[in-house]
Amino acid sequence: MTGQDSREAAEKNFAGAVLAMTASPAPGAPGRPVREGSALTGERCLELFGAQLASRHLDLAARWLRERRAGFYTIGSAGHEGNAGVAAALRCSDPALLHYRSGAFYLARAAQAGPPHDGVHDVLLGLTAAATEPIAGGRHKVFGNAALHVIPQTSTIASHLPRAVGLALTLGRAQRLGLPTPWPEDAIVVASFGDASVNHSTATGALNTAAYCHYQRLPVPLLAVCEDNGLGISVRTAAGWVAEAAAGRPGIQYFHADGSDLAQVYDTALAAAAWVRERRSPAFLHLSVVRLGGHAGSDTETGYRDFAEITADLARDPLVGTARLLVEAGLLTPAQVIGRYELSREEVLARASEVAGAPRIASAAQVMAPLAPRRPGQVRAAATRPAPADRREAAFAGRLPEAAGPLTLAQQINAALTDAMAADPRVWVFGEDVARKGGVYGVTRGLLARFGAGRVFDTLLDEQSILGLALGAGLAGMLPVPEIQYLAYLHNAADQIRGEAATLSFFSQAQYRNPLVVRIAGLAYQEGFGGHFHNDNAVGALRDIPGLIIAVPARPEDAAPMLRTCLAAARVDGSVCVFLEPIALYHQRDMCEPGDGGWRAPYLPPAAWPDGHVPVGRARTHGDGTDLAIVTFGNGLRLSLCAAERLRAARIGVRVLDLRWLAPLPVDDILREARATGRVLVADETRHSGGVAEGVLAALADARFDGRVMRVTSQDSFIPLGDAASEVLLSEHSIAESARALLRRALPPPGSGPPTGFHDHGIPSVNRADRTP
């Protein structure tokens, strides 16, 4: 039996099983329970049977379309159609983050809407990657619809569960703070996933967070629905493992139902939803289901499943189970069931034929439109709008930062966070050690006392859960500012940014957004502390994420305006921002010589914020030398400025360009300073391979810059403990020596053209950067 044969066998099995049923001698009453003791009425059962049939036939349509090269997705829901009963047990206003086998759930919810929504059309448009598909616009096949409160999810295993937990936690926290969200106060969050996901570290961490927060008496209205078909593509989940793992989990109430029995699913889901809604406590609903057919259209399940196993699953077909309920209740005869099945099949395939030629996205601009909307004018207005004077005065307890004299980088960030929280009650600051301790480096010190534990709070020591909470909070309309304690700690949770945060706007055409500013303490040069995990200089995992904004403040006077810009971009454009703070510069006071005080700066009063605004992607130039431009960022700025002083003493004129933004890279500013000097040295504190310098050099090559370029970087090494770190890190000495080496090179003759391999992509040099003489 091939994969296709097994799907055909499911159709034949359905017909044979139904025709073997004995019709009830008396007609049933649609308003009565479909089975004694059940809350599912005959009328509701008939409606849900329609959703189940349509979902099954959408699976057939997906393969029909694919065979004609008109469809692009064949992961189906066959065998999981019992989840229609879960949808029916919930409210249409309960936010749902759905598993990719949730066709019947989606169709049942669409029918619940007022007026009913055409879910079949949505799914068909998704299968054909039609540009008019209502949620992703042809970018991906997802279950999602803002009007139905179905939030689109990626296919990454369990990656949506931290967000689901975060959203559930946010609903309770926002209610206590008196902040509105898009959902009713008694809404619950439902998230569905497969049995293979239960073993993923992301799921384990998310469920642990839900249980831990419930243990702390925090509201966590989450219904986690595991649809257990016993298979992760071809890998079997050990029989009984899901029940063993979930039933004994503290803090999460366990419910189980046979997914082939619609009445049992409905009744159990009603009980689970009531538990969550009334107690604001998490529950785990375990549905035992089957998977009919292979994982997807290209998967031949007979390669890893025998005939007896497949046949046993056919006997548990949920469509057969619902048909039996209806026949035994006297609501349909076997012939009427077959008639409904054939009519549904005919209608869905006819509609599939209608959408087969639907227009698709036809340009890169269309594909990328939802990725990173940029409205710089609105961002500027939001970034320069302070809290009312009396509220600001109260937040700072009468000690305004602009009156405090020169401040360090850490003090500037702290003051900017205070200003942001005073201006907007939706700004929340959280992470490891950020509340009572005020952060490992004191950057959030005092925020808890100023704004309370509702808005400033410590979290579990789990970066996936920290970012998941941020994603849920952003989804609910908050402006989260999570802190990742060290850059090295980000890497085990990076998918929450890469796969979840950055893709939501893309997969929903910006109908859903998760605005956030992730503060990360990072980079190297901590004296007497750390080693690798406290001095990580690897940013390659962030730089290639589409739409992500990466800010790296180095100068104290830049830190507050840049943070305000990130917060405004998140608020206005829904941007996902990483604010990478150089740890070694937090409390730095001097620039080159002890006591020179050159690494502190006054905090700007609100009246000066418009003039001091730092737009996304705008660099800053220090100096106006004409012999050499050093392009750098972060700790490299301080090192480069000191190297520039040494070079000036040797009559070498240097200007230093602080990138400030690693994404989007300030290409126009780079080109302007490169053309002004004809020589560029990129001083990059990240690694030689995959470092920031590669992007700078590529930008120069793309623009056919015909001057001389060189880079000096840190080594391709982890950072060791103690003095040995200086052997592998960028240094003031290596910058100065590289600058001299570059200046010793002879320039090419005028008019000789660009070096081989440089290509002109027409990048103009028109924008002015801030300039510090």
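Up top is the structure.
So, here is what we can say about the structure in this document. Note that the structure is a prediction, hence the values are computed from the model and not measured.

Any two side chains of opposite charge can pair, on the condition that their charged atoms come close. Tallying each qualifying case throughout the model produces 37 salt bridges. One salt bridge in this structure joins Arg91 and Asp186, with 2.6 Å as the shortest N-O distance. Note that Arg91 is positioned in the loop between helix H3 (83-89) and strand E1 (96-97) and Asp186 in the loop between helix H6 (161-177) and strand E3 (189-194), a separation of 95 residues in sequence. Relative accessible area serves as the criterion here: at 36%, Arg91 is assigned to the partly exposed category. Residues joined by salt bridges that share partners form a network here, namely Arg236, Arg291, Asp299, Glu301, Arg305, Glu309 and Asp313.

With that settled, consider the packing of helix H5 (residues 119-127) against helix H12 (residues 334-355). Relative to each other, H5 and H12 sit at 50°, their axes nearing to 10 Å. Relative to H12, the element H5 is oriented oblique. Relative to H12, the crossing made by H5 is right-handed. Two secondary-structure elements touch here, H5 through Val120, His121, Leu124 and Leu125 and H12 through Val348, Arg351, Ala352 and Val355. Here the contact of H5 with H12 is built from residues that sort into six nonpolar, one polar and one charged.

A separate point is the state of the cysteines. Inspection of the entire model under this criterion finds one disulfide. With its sulfur 2.2 Å from that of its partner, Cys592 forms a disulfide with Cys642. Of note, the bridge from Cys592 to Cys642 carries an S-S torsion of about -105° and is left-handed in sense. Of this pair, Cys592 sits in the loop between strand E14 (576-582) and helix H23 (609-612) while Cys642 sits in helix H24 (residues 635-649), placing them 50 residues apart in sequence.

The subject of this paragraph is the nonpolar core. If you look at the biggest cluster of nonpolar residues, it comprises 90 residues, and the most contacted ones within it are Leu167, Phe284, Ile497 and Leu659. With eight residues, H6 is the largest single contributor of residues to this core. In this view, Leu167 contacts Pro95, Leu97, Ile151, Trp183, Val189, Gly472, Leu475 and Ala476; residues no more than four positions away in its chain are not counted. Counting 78 residues, the second-largest nonpolar core is a separate cluster that includes Val18, Ala96, Tyr341 and Leu349.

Helix length check: helix H22 (residues 556-573) (18 residues) gives 26 Å between terminal C-alpha atoms against 26 Å at 1.5 Å per residue, within 8%. Summarising burial for H22: 16 of the 18 residues are buried, a large majority.

So, about the side chain of Asn83. Positionally, Asn83 belongs in helix H3. Since its relative accessible area comes to 1%, Asn83 is described here as buried. Asn83 has contacts with Arg101, Ser102, Ala104, Phe105 and Glu227, leaving out every residue within four places of it along the chain.

This part is about the environment of Leu523. Within the fold, Leu523 resides in the loop between strand E12 (516-522) and helix H21 (540-543). Considering only alpha carbons, one finds Leu523 and Ser717, 194 residues apart in sequence, at a separation of 13 Å. Excluding residues within four positions of it along the chain, Leu523 makes contact with Leu487, His534, Asn535, Asp536, Asn537, Val552, Leu580, Pro582, Asn635 and Glu685.

Right, let's get into the sheet that holds E12. Spatial strand order, E10-E9-E11-E12-E14-E13-E18: seven strands in an open sheet with mixed pairing. Across the chains shown, the open sheet's two edge strands, defined by having one partner strand only, are strand E10 (456-458) and strand E18 (661-663). Between one strand axis and the next, the sheet turns through 20° on average, direction left out of account. As paired elements, strand E11 (residues 479-484) and E12 share two bridges and run parallel to each other. Of the residues in E12, the one forming a bridge with Ile484 is Ile520. Contacts from helix H16 (residues 409-423) reach strand E9 (427-431), E10, E11, E12 and E14, with the element oriented near 135° to E9.

For the rest of this paragraph, the subject is the packing of aromatic side chains. Throughout the structure, instances matching the rule amount to 10 aromatic pairs. Aromatic pair Tyr254 and Phe284: ring centres 6.2 Å apart, planes at 25°, arrangement stacked. One end of the pair, Tyr254, is in strand E7 (residues 253-258); the other, Phe284, is in strand E8 (residues 283-288), and 30 residues separate them in sequence. For the pair Phe430 and Phe457, a centre-to-centre distance of 5.1 Å together with 10° between the ring planes defines the contact as stacked. Of this pair, Phe430 sits in strand E9 while Phe457 is found in strand E10, placing the two residues 27 residues apart along the sequence. Across this residue pair, the class does not change: Phe430 and Phe457 are buried. Put simply, the rings of Tyr441, Tyr486, Tyr489 and Tyr586 pair up and form one aromatic cluster. The lysine or arginine in question, Lys141, covers the ring of Phe143, its NZ or CZ lying 3.7 Å from the ring centre. Between Arg564 and the ring centre of Trp609, over which it is positioned, the NZ or CZ distance is 3.9 Å.

About the criteria used
- Residues numbered from 1 in each chain as written.
- Predicted model: local features only at pLDDT ≥ 70, side-chain atom pairs only at ≥ 80, totals over all residues.
- Heavy atoms only, no water.
- Salt bridge = Lys/Arg side-chain N within 4 Å of Asp/Glu carboxyl O.
- Helix = DSSP H or I, 4+ residues; strand = E, 2+ residues; numbered from the N terminus.
- Buried < 20%, exposed > 50% of the residue type's maximum accessible area, 1.4 Å probe, protein only.
- Axes fitted to C-alpha atoms, helices over the stretch in contact; angles between N-to-C directions.
- Parallel < 35°, antiparallel > 145°, perpendicular 65-115°, else oblique.
- Left-handed = near helix turned anticlockwise from the far one by under 90°.
- Contact = heavy atoms within 4.5 Å.
- Nonpolar A, V, L, I, M, F, W, Y, C, P; charged D, E, K, R; others polar.
- Disulfide = S-S within 2.5 Å.
- Core = buried A, V, L, I, M, F, W, Y, C linked by side-chain atoms within 4.5 Å.
- Expected span 1.5 Å × (residues − 1).
- Pairing = 2+ DSSP bridges.
- Phe/Tyr/Trp six-rings, centres within 6.5 Å; stacked < 30°, edge-to-face > 60°.
- Lys NZ or Arg CZ within 6 Å of the ring centre and 35° of its normal.

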